[in-house]
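Per-entry structural report
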Amino acid sequence: MKTLYRTFIPILLLCACNHSIGTSQSNGSAQAKSGYKYHELMDQNLGIPKIRLQIPEDWQVYNEGDYYYHGPNGMKMSSMFSSSLFTYAENDYSYQSLIMTGQQHTPPPADLNDLIQKYYMSEANRTGRVLINSYALPKVQKKYMEYANLILKTQPIQLSTQSYALEWRDNQGKSYMTILLIKINRGQNFSSWSFMNQFIESPSSKFNEAKKILMHLVETEEHNTQWLHLKNREMAQQSKAIHQAWQSRMASIKLRSSNSGYSSTSKIYDEISDISHQGYLNRSNINDAGRTSTVNMIHEQNIISNPATNESYVVPAGSNNYWVNNNAKFIGVDDPNFDPRVDSRLNHMEWTQFQVQQ
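Keep in mind that what you see is a predicted model, and the values were worked out from it rather than measured.

1. Digging into the overall build of the chain
Secondary structure assignment for the chain yields eight helices and 20 strands. A total of 358 residues make up the chain; the buried ones form 46% of that total.

2. So, the packing of aromatic side chains
Taken as a whole and judged by the stated rule, the model has ten aromatic pairs. The interplanar angle of 85° and the centroid separation of 4.8 Å between the aromatic rings of tyrosine 68 and tyrosine 69 together place this pair among those described as edge-to-face. Considering the side-chain rings of phenylalanine 86 and tyrosine 119, the 5.8 Å spacing of their centres and the 45° angle between planes classify their relative orientation as tilted. Of the two residues, phenylalanine 86 sits in strand S9 (residues 86-88) while tyrosine 119 sits in helix H2 (residues 112-119), which places them 33 residues apart along the sequence. The exposure class of phenylalanine 86 is buried, given its relative accessible area of 16%. On the basis of relative accessible area, tyrosine 119 is assigned to the partly exposed category, the value being 32%. An aromatic cluster is built from Phe86, Tyr119, Tyr120, Trp168, Trp193 and Phe195, whose rings are joined through pairwise contacts.

3. Some points on the layout of surface pockets
Reported here for the second largest pocket is a volume of approximately 490 Å³. Looking at the second largest pocket, it is lined by 19 residues, and the ones nearest its centre are Tyr120, Glu123, Arg129, Asn197 and Phe199. When grouped by side-chain class, the residues that make up the lining of the second largest pocket number nine nonpolar, five polar and five charged.

Basis of the calculations
Residues numbered from 1 in each chain as written. Predicted model: local features only at pLDDT ≥ 70, side-chain atom pairs only at ≥ 80, totals over all residues. Heavy atoms only, no water. Helix = DSSP H or I, 4+ residues; strand = E, 2+ residues; numbered from the N terminus. Buried < 20%, exposed > 50% of the residue type's maximum accessible area, 1.4 Å probe, protein only. Phe/Tyr/Trp six-rings, centres within 6.5 Å; stacked < 30°, edge-to-face > 60°. 1 Å grid on protein atoms, 1.4 Å probe; cavity = no way out; pocket = protein on both sides within 12 Å on 5 of 7 lines; lining within 4 Å. Points joined across faces, edges and corners; volume = space filled by probe spheres on them. Nonpolar A, V, L, I, M, F, W, Y, C, P; charged D, E, K, R; others polar.

What follows is the structure in structure tokens.
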């Protein structure tokens, strides 16, 4: 069976969907541009190619520090690098909720210069690099937005993006080009942002040629449509499982009176020495934004949360790790290696690890 590819930009290495930006589609037999060859990136878990790139015929592919693609005349190019996902709140209530789930409030940069100063200049100063030019890449930004509109969304978000080229020069006669994409996702509760970049290095005398190589790789990248479909289906299944687990816990909590406290549990939990606390979550355990970690420490309580669903509960303190199943049963353990999902006495239920808020 021939592998089908759709073309779009390499900024999307971490995304998955059923469709792509591009309207063009090849059956895997299309020829690369004259002087270029295809290089496929494999998904090791699925055992199929996920992406193919066009690189110059005389370039080699191997890892060496930050660089993955190596050409003649001292030219070399990185693969995609992604920043952490930064979370932030846009109103007081969301800010309180964000802090209660143990996440930091990190708003997006005010502008391109702000991002460069915070995330690039420390390394630039260390390596003697000077920023000599920066400019917008509207084509990259537009193609990403067209693609992003087709990505499966597990919750309502408003996406905005910006894309830039950054050109650098050092004191060793070398020049560098970075392609940068900034993504901001505004959600109903929390918002997030991140940035991704890919760069090429060359002698300053070869810099114009190097820039063309990087831009050609960006503009001609192709994704395997079979891989996109499988990843999109996987994301949908994960989202469905998370939502079903949340619904099941909410239904179990609803059945319990807020005055019932922690009900007695089966003997099997008492027989497992790793478990230091156990019980069922009730309405009174649901945490709201008005409580703080300090208050709960005074009352010998912990706040535990599930970032995937934004659930947050108050439970007895004294354990380092907490697990909650779909029936709203929770257990507290100190052993970080204990996992009820692989314990034959407990794995007949679905368990989710909740984070202890400090």
